[in-house]
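Below, each chain spelled out in residue letters.
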Amino acid sequence: MTHLRGYVALVTGSSRGIGRAVAKELASSGADIVVNYFEHHDEAYSLREEIQALGRDVEVVQADISDPQLVKVLVESAINKFGQIDILINNAGITRDRTLKKMSFEEWEQVLQVNLSGVFNSTKMVIPYMIERQKGSIVNIASVIGQTGAFGQTNYSAAKAGVIGFTKSCALELAHYGITVNAVCPGFVETDMLKAVPDDIRENIRQRIPLRRFASPADVARCVRFLVTEGQYFTGQCLNLNGGLFM
Ligand code: NAP
């Protein structure tokens, strides 16, 4: 597929999981990719090789998405390399699950900083380049947990609900520059994040999913690809990709 030939996509947190699958999907569709990672250097560089094998150009940048100064460096590195950013996928995210009674202020802060402020940081730094070119697509990876809440996830559900609100406000502010902003709300996806959930709870969740299976990272990646290619009349939307878990 060559839909995205000539486009540059920045995917935050793309060393592993959903971000990695999205980066590969967009590269397969013709985009050049900026891979961002935080801790997993080797995974980020193995992704670089996979993208190069697809014939696409790639830049790898280490940056903690929760730090505005480092995000500035990330975006400037992307611009220095490619001169443009057409697609921003705000994917980087973490969990620090604990009931509210036991949750530390640090666990609250960390999750809000990465999952919500991280989305603000990268969007804020990227949009001047999109506005200049009067086009762009932004996709924020939120979560069904931002829509339903979940036991032990007050921090995560608050952050993801915040991402959904941020998406809608951004869509309103950026539409007249030709920039679309959408969220994808996955249910439960087979990545390291889900592996951290104890086996019995994971099985219990699976039984509650009408389709009786977790999503694969590739399921999410295809949904993101749709939004940034054929789905260009979508903006301010939240695409629910949850196997029927929440309607
Ligand atoms: P994952 O497998 O744990 O991967 C997380 C990715 O985020 C890694 O590439 C990691 O980079 C990066 N990351 C973490 N903290 C970062 C930071 N401070 N700065 C930059 N990058 C950072 O998680 P995943 O399941 O793919 O989740 C991806 C997104 O989907 C998250 O926003 C998550 O909330 C959301 N989501 C996941 C599920 C699910 O069931 N898995 C469901 C709904 C939504 P390093 O490894 O290099 O540190």
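Residues numbered from 1 in each chain as written. Predicted model: local features only at pLDDT ≥ 70, side-chain atom pairs only at ≥ 80, totals over all residues. Heavy atoms only, no water.

*Asks:* Tell me what's going on with the sheet that holds strand E2 (residues 32-37), and back it up with residues and numbers.
*Replies:* The strand order across the open sheet formed by seven strands is E3-E2-E1-E4-E5-E6-E7, and the pairing between neighbours is parallel. Both edges of this open sheet fall to strand E3 (58-62) and strand E7 (238-241), since each of them pairs with a single strand only. Geometrically, the sheet is characterised by an average inter-axis angle of 15° between neighbouring strands, direction not taken into account. Bridging between strand E5 (residues 136-141) and strand E6 (residues 179-186) involves six bridges; their strand directions are parallel. Among the inter-strand pairings, Ile141 is bridged to a residue of E6, identified as Val184. (Pairing = 2+ DSSP bridges. Helix = DSSP H or I, 4+ residues; strand = E, 2+ residues; numbered from the N terminus. Axes fitted to C-alpha atoms, helices over the stretch in contact; angles between N-to-C directions.)

*Asks:* Any details on the nonpolar core? Residues and values, ideally.
*Replies:* Generally speaking, soluble globular proteins have nonpolar side chains that are buried together. Counting 38 residues, the largest nonpolar core has Leu10, Val34 and Ile138 as its most contacted members. Elements represented by at least two residues in this core include exactly strand E1 (8-11), helix H3 (68-82), helix H4 (105-133), helix H6 (154-174) and E6. With 32 residues, the next largest nonpolar core counts Ile18, Ala27, Ile87 and Ile141 among its residues. (Core = buried A, V, L, I, M, F, W, Y, C linked by side-chain atoms within 4.5 Å. Buried < 20%, exposed > 50% of the residue type's maximum accessible area, 1.4 Å probe, protein only.)

*Asks:* A description of the packing of aromatic side chains should follow, citing residues and the corresponding values.
*Replies:* Tallied over the entire structure, the rule returns two aromatic pairs. Relative to Tyr45, the ring of Tyr37 has its centre 6.5 Å away and its plane inclined at 75°; by these criteria the two rings are edge-to-face. On the basis of relative accessible area, Tyr37 is assigned to the buried category, the value being 8%. We classify Tyr45 as partly exposed; its relative accessible area is 31%. On the numbers, 5.6 Å between centres and 75° between planes, the contact of Phe226 with Phe234 is edge-to-face. For Phe226, a relative accessible area of 32% translates into the label partly exposed. (Phe/Tyr/Trp six-rings, centres within 6.5 Å; stacked < 30°, edge-to-face > 60°.)

*Asks:* A description of H4 should follow, citing residues and the corresponding values.
*Replies:* End to end, H4 covers 41 Å across 29 residues, agreeing with the expected 42 Å (1.5 Å per residue, within 8%). At Ser117, H4 is deflected by roughly 40°, the largest bend along its length. Residue Gln134 follows H4 closely and has a positive phi angle near 55°. (Expected span 1.5 Å × (residues − 1). Bend = angle between axes of the 7 residues up to and from the residue.)

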